[in-house]
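Results of the structural survey
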Amino acid sequence: MQNLGATRSTSKPTHLLQTPDTFVRTRLPGMRDAMAIVHASPANGARFAQYTAEMATTGSLDPVPAQRFIYVLDGAVTVTLSATQYALEQGGFAYLPQGLDHHVVASVDSRIEVFEKPYLALDGLEPPAAIFGRESDLPSQPLMGDTALQVRSLLPDTMAFDFAVNIMEYQPGAVLPMVEMHVMEHGLLMLQGGGIYRLDESWYPVTAGDFIWMAPYCPQWFGALGKVPAKYLIYKDWNRNPL
Ligand code: UGY
Ligand code: MN
């Protein structure tokens, strides 16, 4: 049917909902045979960058002057650090510290979620080293005692990290136990299922493939709907002085 100009996507000062029908691809410096859908960046008020990189087989990403976290959505990539290669498949992830020379190369046609943020050093703390892992190898914890809402932290919970990337999984009908309002900002990609996201004074139906950015202090709440668990990948800045 002809496009009639309707979409669930919306851009507000406190939040952004970006649905796949509005995705526009762009090339970024250091990308070969790959395109980016940039979801969040300083252009919309975020203090980090988040994009989905769609990579053809042998397509690659060069390092950027920031920390980088990647999560494999589909396909498989190899991360090369000087002499060592790390293979990541769906659900695999890597934390790559700022200044670490590395290359990300797609072994097959792949989609990866990329987060980039300038590192905020803390006096007396060694910056973190590179980390490679797999979502399925990590334990999950119930959120505030609710076993129907499980949180998996992909990065260690230490002050050396100035951001976190977590996976939150809600059984159908599970809800965030409170409306949150906090200093941290979020970048969120719906991986599976769906539900209703409250952002500020609006309630949005959301589903797998949608992206949400939440500014600091944006009131937020989620309730899972449907027959499969709802699952999202969520970034937040933290562990640093708010001044
Ligand atoms: O970590 C968080 O702040 C998380 N509970 N927020 C959210 O799911 N919107
Ligand atoms: Mn939150």
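First, a word on scope: everything that follows refers to the structure included in this document. All values derive from a computational prediction rather than experimental measurement.

1. Observations concerning the packing of aromatic side chains
Geometrically, a pair of aromatic rings is defined through the distance of the ring centres and the angle of the planes. Scanning all chains against the criterion turns up 13 aromatic pairs. Where phenylalanine 115 meets tyrosine 235, the ring centres are 5.9 Å apart and the plane angle is 10°; that geometry is what we call stacked. On the criterion of sequence distance, the pair formed by phenylalanine 115 in strand β10 (residues 110–117) and tyrosine 235 in strand β20 (residues 230–237) is long-range, its members being 120 residues apart. Take phenylalanine 115: its relative accessible area is 1%, and that puts it in the buried class. With relative accessibility at 1%, the residue tyrosine 235 sits in the buried group. Look at tyrosine 170 and tyrosine 232: their rings are 5.5 Å apart centre to centre, the planes differ by 45°, and that puts the pair in the tilted class. Highlighted residues: tyrosine 170 in strand β14 (residues 163–170) and tyrosine 232 in strand β20, separated in sequence by 62 residues. Pair check on accessibility: tyrosine 170 and tyrosine 232 agree, each one buried. Joined through ring pairs, the aromatic side chains of Phe48, Phe69, Phe93, Tyr95, Phe115, Phe161, Phe163 and Tyr235 make up one cluster. The ring of tryptophan 238 carries lysine 236 above its face, with NZ or CZ at 4.9 Å from the centroid.

Cut-offs used in this document
Residues numbered from 1 in each chain as written. Chains lettered and ligands numbered in written order. Predicted model: local features only at pLDDT ≥ 70, side-chain atom pairs only at ≥ 80, totals over all residues. Heavy atoms only, no water. Phe/Tyr/Trp six-rings, centres within 6.5 Å; stacked < 30°, edge-to-face > 60°. Helix = DSSP H or I, 4+ residues; strand = E, 2+ residues; numbered from the N terminus. Buried < 20%, exposed > 50% of the residue type's maximum accessible area, 1.4 Å probe, protein only. Lys NZ or Arg CZ within 6 Å of the ring centre and 35° of its normal.

So yeah, pure geometry; function would need other evidence.
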